[in-house]
Amino acid sequence: SDLTLLDHSVVMWCNEQGNGDTHSAQEIPYVLAGSAGGAIETGRWIDAQGRAHNDLYVSLLRAFGADVDTFGLAEVCTGPMPEL
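As the structure is a prediction and not an experimental result, all values here were calculated from the model.

1. Considerations on the layout of surface pockets
Then step 1. As a volume, the largest pocket reaches approximately 890 Å³.
Then step 2. Lining the largest pocket are 28 residues, with I28, P29, Y30, I46 and A48 sitting closest to its centre.
Then step 3. Listed by contribution, the elements that provide at least two residues to the lining of the largest pocket are β2 (30-33) and α2 (53-63).
Then step 4. When grouped by side-chain class, the residues that make up the lining of the largest pocket number 15 nonpolar, eight polar and five charged.

Rendered as structure tokens:
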């Protein structure tokens, strides 16, 4: 097979702050590498439109087959990100 490790997995990099000077929790960058076995389309930039990072985690869990609707605080989680 010509598939790589990143074809079968996802590596996530993130920063705890959107702006280091102000310690802002807004506009925090996340970088994903890998396609989770084809569940995630690669080579794109996505504006999450202010969604909680919990929704990203739900999306990643679902990409690997977990049947979950929330992650962390359920009141801020709206579910998986269809744009992912």
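2. Remarks on the nonpolar core
Then step 1. One finds V10, A36, I40, L56, L60, M81 and L84 forming the largest nonpolar core, which totals seven residues.
Then step 2. If we skip the residues at most four places from it in the chain, L84 touches L32, I40, E41, R44, I46, L56 and S59.

3. A few points about the pattern of salt bridges
Then step 1. According to the stated counting rule, one finds four salt bridges in the structure shown.
Then step 2. The salt bridge involving R44 is made with E41; its shortest N-O contact spans 4.0 Å.
Then step 3. We classify E41 as exposed; its relative accessible area is 53%.
Then step 4. Between D55 and R51 there is a salt bridge whose closest N-O contact spans 3.0 Å.
Then step 5. In this structure, a network of salt bridges that share partners links the residues R51, D55 and E83.

Definitions and limits used
- Residues numbered from 1 in each chain as written.
- Predicted model: local features only at pLDDT ≥ 70, side-chain atom pairs only at ≥ 80, totals over all residues.
- Heavy atoms only, no water.
- 1 Å grid on protein atoms, 1.4 Å probe; cavity = no way out; pocket = protein on both sides within 12 Å on 5 of 7 lines; lining within 4 Å.
- Points joined across faces, edges and corners; volume = space filled by probe spheres on them.
- Helix = DSSP H or I, 4+ residues; strand = E, 2+ residues; numbered from the N terminus.
- Nonpolar A, V, L, I, M, F, W, Y, C, P; charged D, E, K, R; others polar.
- Core = buried A, V, L, I, M, F, W, Y, C linked by side-chain atoms within 4.5 Å.
- Buried < 20%, exposed > 50% of the residue type's maximum accessible area, 1.4 Å probe, protein only.
- Contact = heavy atoms within 4.5 Å.
- Salt bridge = Lys/Arg side-chain N within 4 Å of Asp/Glu carboxyl O.

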